[in-house]
Amino acid sequence: AFTIEAQVNKPVRVRWVNQLYKTVELAGGGTKKAYLPHLLPVDPTLHWANPPGPIDSRPSFEATPGTYLGPVPAVVHVHGAHATDESDGYAEAWFLPAADDLPAGYSKHGGWYQRFKHKFEGMHGTGPNAAWSDDSAVFQYPNNQRAATIWYHDHTLGMTRLNVYAGPAGFYLLRGGADGDPLTGALPSDAFEFPVAIQDRSFNLDAANHQAPLFYPDSRQFFDGFRGPYIPSSDVSPIWNPEVFGNTLVVNGNTWPKCTVERRRYRIRFLNGCNARTLILKLVASAAPGLPRPLEPHPDVKFWVIGTEGGFLPDSALSLDELLMMPAERFDLIIDFSKAPNDVDSLYLVNEGPDEPFGGGEPAVDFDVANPATTGVVMRFDLVPASGLDGSADPAVPGALVLPPAPALPATPDRVRQVSLNEDDSSVLKDVGPTEARLGEVDFGGPMPMGMPMDWMMPVTQTVVVGDTEVWEIYNFTMDAHPIHVHEVMFQVLDREVFDPMLPGYGAVRPREAWEAGYKDTVVCYPGEITRIKARFDLAGRYVWHCHIVEHEDNEMMRPYDVVHRQYMPLMGKNIAP
């Protein structure tokens, strides 16, 4: 979708409108707005928005249902924005399009829509640029944070995977401020800066072999061959897939594109916008499918990382041969195409992550790399001579590019809390699963810590005091890595520790990765490990934290949390309205 450009400390107000309808001619004259059903199959057995009601619930069925064909709810989250809760895109604050044929009895809004509407209009008035309407919400982003690469996407309860897969997903680039420019040296800009959103998609083909609508699985059978019984005869949802991997890679909406670049430095912002796929990116001289993987990175043209989700890395750029990116992670880079030898006309961006869930390890050792003919190739850069002098700083020259330091958090946190990542198999069918993934707490009552999984609808268990700094220790009890995103805050990654005695390195603490030295909003949590993050929570309200494998997020791997003023702390453990 469109890229929004914003400036630090200059608020941006956006009206997000749900226009998922079409205008049709009536036989007797005139027109009406007819809602559009979803492009993709919607599983109504999850805990989801559920406009037919009861809203924001996991409905019950007497027979296995088919896909939901009603009007599509939507609500947008600007991922990485430091926003008050009514403008955060809360999963239960969705709204339907203003269609003329909404079915009788359907709710137009999610359960939190009205309270956030009243809160926003109480803060900003009810003028033409502030009042919400039935098919829209007005959100304000204060932009009182570090310059950063942010993005936006849908966040509807139990439908995020489908709405993100179909669109929208767009960049929100925040510039300026005290941390918005290098202390020494200049960055590539204007025509020599661009964002790159990488997603995986599959397409149906019509009889003429042209691209037709997007493909997304319409049965659980696609994932593991399981043919049922499904809900209500078991606890297995009939349509939801635990992960979905497309068989093409799409860059800014184009499959396997090429990009002409001059032989000079460029600033490129990468986003992993995939639903579930982990990317391991390299720049190589050739991406021919027959070459053995993994490929050798180009020896001269490097990734110079200058920032991640929360802005610049501190002090200096980091040279890397490959980038590990789980869904929702971002890298802000300099690539110096002038370093390519004169006899090299093209460079390829390739992916050597797996075509399946990622659990850590090395390509071709611990997992098979992506299909070299399809998902193993991202895009091609075609090199042409530079049209003029390059005034940007060379990050390879010591001292030429000095980045601002990262603001410090208090050394001693106000609280350390333990949370868990969990995955459930069927409770009624043997060897069938997973049926859902969940977040939760940690039980230390036995010889080993154990996860205590919790559903979305359970009372809030993370209640934070406004202004406090907390360390969250995230215990991963599953077999896969998960990208964990915390709304409202940018955090610092501290370290990781193996807590599972069955895994090598049990008890050893290893430092964060070099590219995690700045601020982030999404972190890789490996199986059998504790991942520690530290953040300061400064905005009161209702927020969420979740896995950004959006199929997981949509089936219980998301939990609300509250940030409250200290006088409300006796209410901890209960649902607290902001």
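### Details of the overall build of the protein
Stage number 1. A count of helices and strands for the protein gives four helices and 34 strands.
Stage number 2. Whereas a compact globule of 578 residues would reach a radius of gyration of roughly 25 Å, the protein reaches 24 Å, a difference of no more than 12%.
Stage number 3. Projected onto the principal axes, the alpha-carbon positions of the protein cover approximately 65 × 60 × 60 Å.
Stage number 4. Residue burial in the protein is summarised as follows: out of 578 residues, 57% are buried.
Stage number 5. Within the protein, residue pairs in contact and separated by at least 24 positions form 75% of the contacts whose partners lie at least 6 positions apart.
Stage number 6. Summing over all exposed atoms, the protein offers an accessible surface of approximately 22600 Å²; the carbon and sulfur share of this is 54%.
Stage number 7. The positive charge centre, built from 45 side chains, and the negative charge centre, built from 73, are 5 Å apart in the protein.

### Re the environment of Gly433
Stage number 1. Within the secondary structure, Gly433 is located in the loop between strand S23 (415–424) and strand S24 (436–443).
Stage number 2. Placed 191 residues apart in sequence, Gly433 and Pro242 show a C-alpha to C-alpha distance of 8.8 Å.
Stage number 3. For Gly433, the residues in contact, after removing those within four places along its chain, are Arg220, Asp224, Asp425 and Ser426.

### With respect to the pattern of salt bridges
Note on pairing: side chains with opposite charge can pair once their charged atoms come close.
Stage number 1. Counting across every chain of the model gives 37 salt bridges.
Stage number 2. The shortest N-O distance in the salt bridge between Arg267 and Asp332 comes to 2.6 Å. With a gap of 65 residues between them, Arg267 in strand S14 (residues 265–272) and Asp332 in strand S20 (residues 330–336) connect regions that are remote in the sequence.
Stage number 3. A residue is classified by how much of its surface remains accessible, and Arg267, at 8% relative accessible area, is buried.
Stage number 4. A relative accessible area of 4% places Asp332 in the buried class.

### Observations regarding helix H1 (residues 113–124)
Stage number 1. End to end, H1 covers 16 Å across 12 residues, agreeing with the expected 16 Å (1.5 Å per residue, within 8%).
Stage number 2. Those residues of H1 lying buried are Tyr113, Phe116, Lys117, Phe120 and Glu121. The arc that holds every buried residue of H1, seen down its axis, measures 130°, which confines them to one face. More than 90 degrees from the buried face of H1, the exposed residues found are His118 and Gly122.
Stage number 3. In this structure, the buried side of H1 is in contact with strand S2 (12–17) and strand S6 (136–141).
Stage number 4. Trailing H1 by a residue or two, Gly125 shows a phi angle of about 90°, which is positive.

### Let's talk about the nonpolar core
Stage number 1. Formed by 49 residues in total, the largest nonpolar core has its most connected members in Trp16, Val78, Tyr90, Trp132, Phe139, Tyr141 and Tyr172.
Stage number 2. For this core, the secondary-structure elements that each account for two or more residues are strand S1 (4–7), S2, strand S5 (76–79), H1, S6, strand S7 (148–154), helix H2 (160–166) and strand S8 (169–175).
Stage number 3. Ranked by residues supplied to this core, first place goes to S6 with four residues.
Stage number 4. Residues within four places of Tyr172 in sequence aside, it is in contact with Ile4, Ala6, Val12, Val78, Tyr141, Asn143, Ala148, Thr149, Ile150 and Trp151.
Stage number 5. Core analysis: the next-biggest nonpolar cluster, separate from the first, contains 35 residues, Ala437, Val523, Val524 and Met557 among them.

### Brief notes about the sheet that holds strand S25 (residues 450–454)
Stage number 1. With respect to topology, seven strands assemble into an open sheet ordered S25-S24-S23-S27-S32-S29-S30, the strand pairing being mixed. Only two strands of the sheet have a single neighbouring strand rather than two, namely S25 and strand S30 (509–511). Averaged over all pairs of adjacent strands, the angle between their axes in this sheet comes to 30°, without regard to strand direction.
Stage number 2. Of the pairings in the sheet, the one linking S24 to S25 comprises five bridges and is antiparallel in character. Bridging across to S25, Gly440 finds its partner in Pro453.

### Brief notes about the sheet that holds S5
In any sheet, the strands associate via hydrogen bonds between backbone groups, in a parallel or an antiparallel arrangement.
Stage number 1. Here four strands make up an open sheet; going across it, the order is S1-S8-S7-S5 and the pairing mixed. The open sheet has two free edges, formed respectively by S1 and S5, since each of these has just one partner strand. The average undirected angle you get between the axes of adjacent strands in this sheet is 25°.
Stage number 2. In this structure, S1 lies alongside S8, joined through four bridges in parallel fashion. Bridge pairing in S8 places Gln7 opposite Arg175.

### Concerning the side chain of Arg532
Stage number 1. By secondary structure assignment, the location of Arg532 is in strand S32 (residues 529–536).
Stage number 2. At 2.7 Å, the side chain of Arg532 and the side chain of Glu497 are in polar contact.
Stage number 3. Discounting residues that sit within four places of it in the chain, Arg532 has contacts with Val471, Trp472, Glu473, Gln492, Val493, Leu494, Asp495 and Glu497.

### A few points about unusual backbone geometry
Stage number 1. The residue after Ile231, namely Pro232, is reached through a cis peptide bond having omega 15°.
Stage number 2. Positionally, Pro232 belongs in the loop between helix H3 (221–224) and strand S11 (248–251).
Stage number 3. Cis geometry is adopted by the peptide bond preceding Pro434, which originates at Gly433 and carries an omega value of 0°.
Stage number 4. You will see that Asn9, though not glycine, has its phi angle at about 65°, which is positive.
Stage number 5. Of note, Asn9 is situated in the loop between S1 and S2.
Stage number 6. Note on Asn9: relative accessible area 54%, which makes it exposed.

### A look at the confidence of the model for the protein
For residues with low pLDDT, the predicted coordinates do not support detailed interpretation.
Stage number 1. Predicted confidence across the protein gives a mean pLDDT of 95, with 97% of residues reaching 70 or more.
Stage number 2. Note on residues 570–578: pLDDT under 50 across the span, and 26 contacts to partners over four residues away in sequence or across chains.

### Quick notes on the state of the cysteines
Stage number 1. For the structure shown, the criterion picks out zero disulfides.
Stage number 2. Cys525 takes part in no disulfide bond, and the closest cysteine sulfur to it belongs to Cys547, at a distance of 8.7 Å.

Conventions and cut-offs
- Residues numbered from 1 in each chain as written.
- Predicted model: local features only at pLDDT ≥ 70, side-chain atom pairs only at ≥ 80, totals over all residues.
- Heavy atoms only, no water.
- Helix = DSSP H or I, 4+ residues; strand = E, 2+ residues; numbered from the N terminus.
- Rg over C-alpha atoms; globule rule 2.2 N^0.38 Å.
- Buried < 20%, exposed > 50% of the residue type's maximum accessible area, 1.4 Å probe, protein only.
- Contact = heavy atoms within 4.5 Å.
- Areas by Shrake-Rupley, 256 points an atom, 1.4 Å probe, with all protein chains shown as cover.
- Lys, Arg positive; Asp, Glu negative; His and termini not counted.
- Charge placed at Lys NZ, Arg CZ, Asp CG, Glu CD.
- Salt bridge = Lys/Arg side-chain N within 4 Å of Asp/Glu carboxyl O.
- Expected span 1.5 Å × (residues − 1).
- Arc of directions from axis to C-beta.
- Core = buried A, V, L, I, M, F, W, Y, C linked by side-chain atoms within 4.5 Å.
- Pairing = 2+ DSSP bridges.
- Axes fitted to C-alpha atoms, helices over the stretch in contact; angles between N-to-C directions.
- Polar contact = N/O pair within 3.5 Å; in protein donor to acceptor, adjacent residues only side chain to side chain.
- pLDDT = per-residue confidence, 0-100.
- Disulfide = S-S within 2.5 Å.

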